[in-house]
Amino acid sequence: MAVRHKDMAVAISDWKSVTPYFFFEIVFPAFLLFGFWFLYNIIKKQQNAETFLLWFTLAGSYVAISWGCGNSGGLAEGQATTGVAFVVAFILYGLSYQWLQILQVVAVVACIGLTIQSCTKKMVNTYNWWGADEADFWASENNIGDVPLLSKIRASTDTKAVYEEICKEITEGVQEDETIYCFPQIPIFYSLCDRWDPGVRSKVEWFDVSTDEAVEADIDILKESPPKAILMYNVGDDVYEAHESAFRKGQASGTRKMRDFLYDFAYANGYEFIGNYTTGNNELTLWIQKDNRNVNLIDAFDGGDGTIDNPYKLHTAEQLRLFSKMVNEGRTFGGQYIEQTADIDLANQDFTPIGEYSGNNYFCGTYNAAGHVIRNLKIETNDNAALFGRLGGKVYNLGIEGGNITGAYIGGIASHAVKDTAAIINCYTDISMDGIRAGGIADNFVGTVGNCFSVGLIHGTDSADVLSFNQYKEVQSVYSVKEKNSQDFDTQSTDDVRITYCTEETMKNGILAQRLNDSIYSIGTELQKSDGTEDNDQETTIELVRWKQGTDGHPVFDVPS
């Protein structure tokens, strides 16, 4: 019975209906018109001025609400209710003549239908705001009994688990006289866990709720009075970009600065990662500073602030592993820059991909290896894998030499792309690989690949090549030694001729190095345009490192040794 009711509600909620902006486009001109007629009747001393004042006031209240909300994040359906009331009231008023009463009945029936649809929409989509969501009414069948303030609230199984597990960890790991910090829009946990914040000024650190100055001042407060626990709701990078485009003219907001500060602060001050908690599209990350844990003595980065002019810098295997850990624990580095300043030797010790394929987090920034290499990379898994498991950002000027990757659908630089703006440019690999599909540079990568080659021994059951699947948005100047690729079935890796094959002799005699150098200018402009960054002056300043012939049988980067 419940399933049938749900199916009926979904069908009703899917009826085509007008948008909140439709009502604004009707009511706003009416607001101006009634205001004009009210003033006109006052001047002319007409008797019906009060009627126009009534309509002017009702329309004005809706316009004020819509104007404020519309200049924040846009109009939602709930904010159109006053506009709907105005339109309905005006229609019924206009149909008040006796010979139009049948149309009043039609209008009332239409209102009942609209009310039913609104109710069913709320039951199907109980909550939806900037990517945050909640399960439908029928899935919300569990009382959150272990959290006293929510004991009468019903929620989905996953939501119940998130609230109860987070509250349990905080109440057991944080004493009553210790503080917690919740970011950016989840102050409810202060009450749920019965813990105070460290005295910050902004309780909701959202883009259009708190000023940048207030949020940045809170950073100083957190430095002076570190909380025992940090709880962060992981807002998507697209949400940051949308708000900063709308409210900050594309500049970094205080909310973004606080987010980046919290990541650095947690890793620099010995906070223990407790876990990521997921329900629907929502993910929260919890850190607690454990008294018996040694402070992390490995600086996450050698310096930098993540900007293109001053990128975060790393040069050791320990830093690269910590960088991977950060990404897998929720830090995407969206809009930020990482620079590798030296060759890194991972010594054939197991490495966890940066942005594991089976996880929910991935790297969305720009990684510039600046002509340096990562040596002796070892990844052994049954999952899809690569140095970057799933890549949402861009990788430049990186070489991988030595080691091996075994898994299912695998790549050297990346296994999969999160979106088509991802890019791998001016990179190479010389590594052994074995999988179902194995790509020396990438496997199922929907982004851009340019000026790259692979020369290692690659084996794939279905496909083995420099690129092992055919989902690429743009491929230019990509090379492979076909004799080093072996597969059990003759499956074509790409659906058109975009890979150039050469012999081992060509790899050794300097011709390929020259071709890669000849392509640097076009790759640096055309491919960056193809991923939508033609108007981004910062992106085009990533300098592509030139090539020279190496001593181990293939081109290498021409950087000082």
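Residues numbered from 1 in each chain as written. Predicted model: local features only at pLDDT ≥ 70, side-chain atom pairs only at ≥ 80, totals over all residues. Heavy atoms only, no water.

K.L.:
Would you take a moment to explain the overall build of the chain for this structure?
P.N.:
When you go through the chain residue by residue, the secondary structure sums to 13 helices and 27 strands. A burial count over the chain gives 48% of its 561 residues as buried. For the chain, long-range pairs separated by at least 24 residues make up 71% of all intrachain contacts whose partners lie at least 6 apart in sequence. Split by element, the accessible area of the chain, about 26,900 Å² in all, is 53% carbon and sulfur. (Helix = DSSP H or I, 4+ residues; strand = E, 2+ residues; numbered from the N terminus. Buried < 20%, exposed > 50% of the residue type's maximum accessible area, 1.4 Å probe, protein only. Contact = heavy atoms within 4.5 Å. Areas by Shrake-Rupley, 256 points an atom, 1.4 Å probe, with all protein chains shown as cover.)

K.L.:
Can you help me understand helix H2 (residues 20-44) in this one?
P.N.:
What sets the pattern is the α-helix's 3.6 residues per turn: residues three or four places apart point alike. Over its 25 residues, H2 runs 36 Å from end to end, which matches the ideal 36 Å to within 8%, given 1.5 Å per residue. Turning to H2, its buried residues number three or more, namely Pro 20, Phe 23, Phe 24, Val 27, Ala 30, Phe 31, Phe 34, Gly 35, Phe 38 and Asn 41. Where H2 terminates, the next one or two residues include Lys 45, which has phi positive at roughly 60°. (Expected span 1.5 Å × (residues − 1).)

K.L.:
What is the right way to look at the packing of aromatic side chains in this model?
P.N.:
One pass over the structure, following the stated rule, counts 30 aromatic pairs. Considering the side-chain rings of Phe 333 and Phe 363, the 6.2 Å spacing of their centres and the 50° angle between planes classify their relative orientation as tilted. Linking Phe 333 in the loop between helix H11 (317-328) and strand E10 (337-340) with Phe 363 in the loop between strand E11 (344-345) and strand E12 (366-368), this pair joins segments that are 30 residues apart in sequence. In this pair, the class of Phe 333 matches that of Phe 363, namely buried. Members of the aromatic cluster, connected to one another through ring pairs, are Phe 301, Tyr 312, Phe 323, Phe 333, Phe 363, Tyr 367 and Phe 388. Sitting over the ring of Phe 469, Arg 437 keeps its end group 4.0 Å from the ring centre. (Phe/Tyr/Trp six-rings, centres within 6.5 Å; stacked < 30°, edge-to-face > 60°. Lys NZ or Arg CZ within 6 Å of the ring centre and 35° of its normal.)

K.L.:
Whenever I open this one, the pairing of strand E13 (residues 373-380) confuses me. Can you help?
P.N.:
Every other side chain in a regular strand lies on the same face of the sheet, so the side chains alternate between the two faces. Two elements, E11 and E13, share two bridges in a ladder whose sense is parallel. Residue pairing for E13: Asp 345 is matched across the bridge by Arg 375. Here seven bridges tie E13 to strand E16 (residues 399-406), and the two strands are oriented parallel to one another. Bridge pairing in E16 places Arg 375 opposite Glu 401. (Pairing = 2+ DSSP bridges.)

K.L.:
Mind showing me how you'd approach unusual backbone geometry here?
P.N.:
In most cases, non-glycine residues show a negative phi, while peptide bonds are predominantly trans. Look at the link from Phe 183 to Pro 184: it is a cis peptide, with omega at -10°. Looking at the element boundaries, Pro 184 is found in the loop between strand E5 (180-183) and helix H7 (188-193). At Asn 426, a residue that is not glycine, the phi angle is positive and equals roughly 60°. Secondary-structure assignment places Asn 426 in the loop between strand E19 (423-425) and strand E20 (428-444). Overall, the relative accessible area of 0% leaves Asn 426 in the buried class.

K.L.:
Honestly, the pairing of E20 in this entry has me stumped. Any pointers?
P.N.:
The buried fraction of E20 is high, at 13 of 17 residues. Bridge count for E16 against E20 is six bridges, and the pairing is parallel. When the bridges of E20 are listed, Glu 401 appears paired with Asp 430. Here strand E17 (residues 409-411) runs beside E20; their pairing, made up of three bridges, is parallel. Bridging across to E20, Ile 410 finds its partner in Ala 438. As judged from the two bridges shared by strand E18 (residues 414-417) and E20, these two strands associate in the parallel manner. Within E20, the residue paired with His 416 across the bridge is Asn 444. In this structure, E20 lies alongside strand E21 (residues 448-454), joined through two bridges in parallel fashion. When the sheet's bridge partners are listed, Tyr 428 is paired in E21 with Phe 453. Taken together, the seven bridges between E20 and strand E22 (residues 458-467) define a ladder with parallel strand orientation. From the neighbouring strand, Arg 437 faces E22, where its bridge partner is Ser 463.

K.L.:
Hey, could you run me through helix H8 (residues 212-224) in this one?
P.N.:
Spanning 13 residues, H8 covers 19 Å between terminal C-alpha atoms, matching the ideal 18 Å at 1.5 Å per step. Turning to H8, its buried residues number three or more, namely Asp 212, Ala 214, Val 215, Asp 218, Ile 219, Ile 221 and Leu 222. Packing partners of the buried residues in H8 comprise E5 and helix H10 (254-268).

K.L.:
Sorry, what's going on with the packing of H8 against H10 here?
P.N.:
For any two helices packed against each other, the geometry is given by the interaxial angle and the distance between the axes. Between H8 and H10, the least distance of the axes is 8 Å, while the angle of their chain directions is 15°. The orientation of H8 with respect to H10, classified from their angle, is roughly parallel. As H8 packs across H10, the resulting crossing turns out to be right-handed. Taken together, the residues of H10 that come into contact with H8 (itself represented by Asp 212, Val 215, Glu 216, Asp 218, Ile 219, Leu 222 and Lys 223) are Gly 254, Thr 255, Lys 257, Met 258, Phe 261, Leu 262 and Phe 265. In the contact of H8 with H10, the residues fall into seven nonpolar, two polar and five charged. (Axes fitted to C-alpha atoms, helices over the stretch in contact; angles between N-to-C directions. Parallel < 35°, antiparallel > 145°, perpendicular 65-115°, else oblique. Left-handed = near helix turned anticlockwise from the far one by under 90°. Nonpolar A, V, L, I, M, F, W, Y, C, P; charged D, E, K, R; others polar.)

K.L.:
Help me understand the pattern of salt bridges in this model?
P.N.:
For side chains of opposite charge, pairing can occur when their charged atoms come near one another. One pass over the structure, following the stated rule, counts 14 salt bridges. The partner of Glu 216 in a salt bridge is Lys 257, with the nearest N and O atoms 3.3 Å apart. Of this pair, Glu 216 sits in helix H8 while Lys 257 sits in helix H10, placing them 41 residues apart in sequence. Glu 216 gets classed as partly exposed once you look at its relative accessible area, which sits at 31%. Across the pair Arg 259 and Asp 237 runs a salt bridge whose closest N-O atoms are separated by 3.0 Å. Here the residue Arg 259 occupies a position in helix H10, and Asp 237 occupies one in helix H9 (residues 237-247), the gap between them amounting to 22 residues. By relative accessible area, which is 10% here, Asp 237 ends up buried. (Salt bridge = Lys/Arg side-chain N within 4 Å of Asp/Glu carboxyl O.)

K.L.:
I'm lost on the sheet that holds strand E7 (residues 271-279) in this one. Help?
P.N.:
Pairing between sheet strands relies on hydrogen bonds along the backbone, with the strands arranged either parallel or antiparallel. One open sheet holds the four strands; their spatial order is E5-E6-E8-E7, and the pairing between them is mixed. Since the sheet does not close on itself, it has two edges, and those belong to E5 and E7, each with one partner. Within the sheet, the average angular offset between the axes of one strand and its neighbour, ignoring direction, is 15°. Both E5 and strand E6 (residues 229-233) contribute to a ladder of four bridges, which runs parallel. Bridge pairing in E6 places Cys 182 opposite Leu 231.

The values are spatial; any link to function lies outside them.
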